[in-house]
Amino acid sequence: MKFALSELMSMAMDEGEKARLHAPPNPWVGALIVNDRGVIVGDGHTQAPGESHAEVEALRRAGGAARGATMIVTLEPCCHVGRTGPCAEAIIEAGIAKVVIGTIDPDPRVSGKGVELLKASGVDVEVGVEEENVRTQLAPYIWHRVTARPYVVAKIASTLDGVVAMADGNSQWITGPAARRDAHVLRAQSQAILVGAGTVRSDDPALTARLDDIVLEPLRVVLGRAPESAKVRPCLELSGDLGHVLDELGHHDVLQLLVEGGPTTTSAFLDAGLVNHVVWYQAAAFAGGEGTLAALRGLTTPTMEALRRGRIVDVRRIGEDIRIDVEV
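Source: prediction; values computed, not measured.

This next bit is on unusual backbone geometry. Residue Pro25 follows Pro24 across a cis peptide bond; omega there is 10°. With omega at 0°, the peptide bond leading from Arg233 into Pro234 counts as cis. Take Pro234: it is sitting in the loop between strand 11 (219–223) and strand 12 (236–238). A positive phi angle is found at Glu130, which is not glycine, with a value near 55°. For Glu130, the location among the structural elements is in the loop between strand 5 (124–127) and helix 5 (131–137). The exposure class of Glu130 is partly exposed, given its relative accessible area of 26%. Even without glycine at this site, Leu207 takes up a positive phi of about 60°. Examined against the element boundaries, Leu207 turns out to sit in the loop between helix 8 (197–203) and strand 9 (209–211).

Right, let's get into the nonpolar core. Buried together is how nonpolar side chains tend to be arranged in soluble globular proteins. Ile33, Met71, Ile96 and Val99 are the most contacted members of the largest nonpolar core, which totals 39 residues. Of all the secondary structure elements, the ones that give two or more residues to this core are helix 1 (5–17), strand 1 (30–34), helix 2 (54–62), strand 3 (70–75), helix 3 (87–94), strand 4 (98–103), helix 4 (113–120) and helix 6 (139–147). Not counting the four nearest positions on each side in its chain, Ile96 is found in contact with Ile33, Leu59, Ala66, Ala69, Met71, Ile91 and Val123. Grouped together as the second largest cluster of nonpolar side chains are 26 residues, Val152, Ile156, Leu242 and Ala295 included.

Let's shift gears to the packing of helix 3 against helix 4. Interaxial distance between helix 3 and helix 4 falls to 9 Å at its minimum, and their mutual angle equals 20°. One way to sum up the angle between helix 3 and helix 4 is to call them roughly parallel. Along this stretch, helix 3 crosses helix 4, giving a crossing that reads as right-handed. Residue-level inspection shows Ala88, Glu89, Ile91 and Ile92 of helix 3 in contact with helix 4, the latter providing Gly114, Leu117 and Leu118.

Along the chain, the position of Asp107 falls in the loop between strand 4 and helix 4. A polar side-chain atom of Asp107 sits 3.2 Å from a polar atom in the side chain of Arg145. If sequence neighbours within four positions are ignored, Asp107 has contacts with Tyr141 and Arg145.

Within this structure, the stated rule accounts for 22 salt bridges. Among the salt bridges present, the one from Glu15 reaches Lys18, with a minimum N-O distance of 3.0 Å. Judged by its relative accessible area of 7%, Glu15 falls in the buried class. Residue Arg311 pairs with Glu327 through a salt bridge whose shortest N-O separation is 2.9 Å. In this pair, Arg311 is assigned in strand 16 (residues 311–318) and Glu327 in strand 17 (residues 321–327), connecting sequence segments 16 residues apart. The class of Arg311 is partly exposed, set by a relative accessible area of 48%. Because the salt bridges share partners, they merge into one network encompassing Asp43, Glu57, Arg60 and Arg61.

Rules used in this analysis
- What you see as residue numbers is a count from 1 along each chain, following the sequence as written.
- Local features in this predicted model are restricted to residues whose pLDDT is 70 or higher, and side-chain atom pairs enter the listing and the counts only when it is 80 or higher, whereas totals over whole chains, interfaces and linings include all residues.
- The side-chain values count all of the structure's non-hydrogen atoms but skip hydrogen atoms and water molecules.
- Counting from the N terminus, the helices are DSSP H or I runs at least four residues long and the strands are E runs at least two residues long.
- Whether a residue is buried, partly exposed or exposed follows from its accessible area with a 1.4 Å probe, protein chains only, as a fraction of its type maximum: under 20%, in between, or over 50%, in that order.
- Residues grouped as a nonpolar core are buried Ala, Val, Leu, Ile, Met, Phe, Trp, Tyr and Cys residues, joined through side-chain atoms within 4.5 Å.
- Only heavy atoms enter the contact rule, under which two residues are in contact if any of them lie within 4.5 Å.
- An axis is simply a line fitted to the C-alpha atoms; with a helix, the fit covers only the stretch in contact. Between two such axes, the angle follows the N-to-C directions and lies from 0 to 180 degrees.
- When describing relative orientation, an angle under 35 degrees is termed roughly parallel and one over 145 degrees roughly antiparallel, while 65 to 115 degrees is termed roughly perpendicular and anything else oblique.
- By the definition used in this description, the sense in which the near helix is turned from the far one sets the handedness, with an anticlockwise turn below a right angle giving left-handed and a clockwise turn giving right-handed.
- Polar contacts, as counted here, are pairs of nitrogen or oxygen atoms within 3.5 Å of one another; within protein the pair requires one atom able to donate a hydrogen and one able to accept it, and residues that are adjacent in sequence qualify only if both atoms are side-chain atoms.
- The working definition used for a salt bridge is a side-chain nitrogen of Lys or Arg within 4 Å of a carboxyl oxygen of Asp or Glu.

Now the structure itself:
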């Protein structure tokens, strides 16, 4: 059974998702190799930094079956020497006849040069299959390569009426275990987690990502000073203009920054127009406004024209709660 190119690219994206947690600061790329009968003879995804890229992994699995076959890859193959050799040259040497690419790599060291090298060597190249979906999957990488800043995700967990802490100051736990586990996946997908010093003083979070028996430690960032005994230490303490904070984190190879608040910090990032994506977990609960803490209490909107609008890209139930994803 032969698959359509869009189906094959979707499979390559699934392969790339396997690299989501370990590939950064490299992109989480997936690749397939298909022979002329439509049989997948090799697949692969990006390994940890310094190890092989998706294309080389797929070629290794395909072996001699790669000659004359078609490669489907989510991102343009690299053509420069970094921690590993150029994937475009490995593709040419393996005798691949055609390469189908999801999207061009915006990294200035590549950015069309990989396609040019393949074409100059007689390889047929097609670009743009499932491009919108591929670019969505690789959004943090693409944003970082274009702006040199991390892609900013703001995470909020609240009641349905937008409250994140009760009148007595307690905030644990508004959402249930399933939503909290999902939030740990979000942490694991981020290279840095940022909170304000007020949150450190009130909640003393560890800001680790706990997935079953695995504990991951993204870079922990505090706006201001963290107490010496805080669980968040060791951490990077930054202050000043938020744009400069993002510049600094971009230099630390942070592709995705997770802003976990509290309300003052999250509001400041939104007010400055520095948030790319909001993940809002909502519990089926109501707290009211008297004495409680609103999720975005620091955000002021004087007129309807000043209302900050986003685009809802996903809504799904997680346990007893819902997760709403908004592009800002």
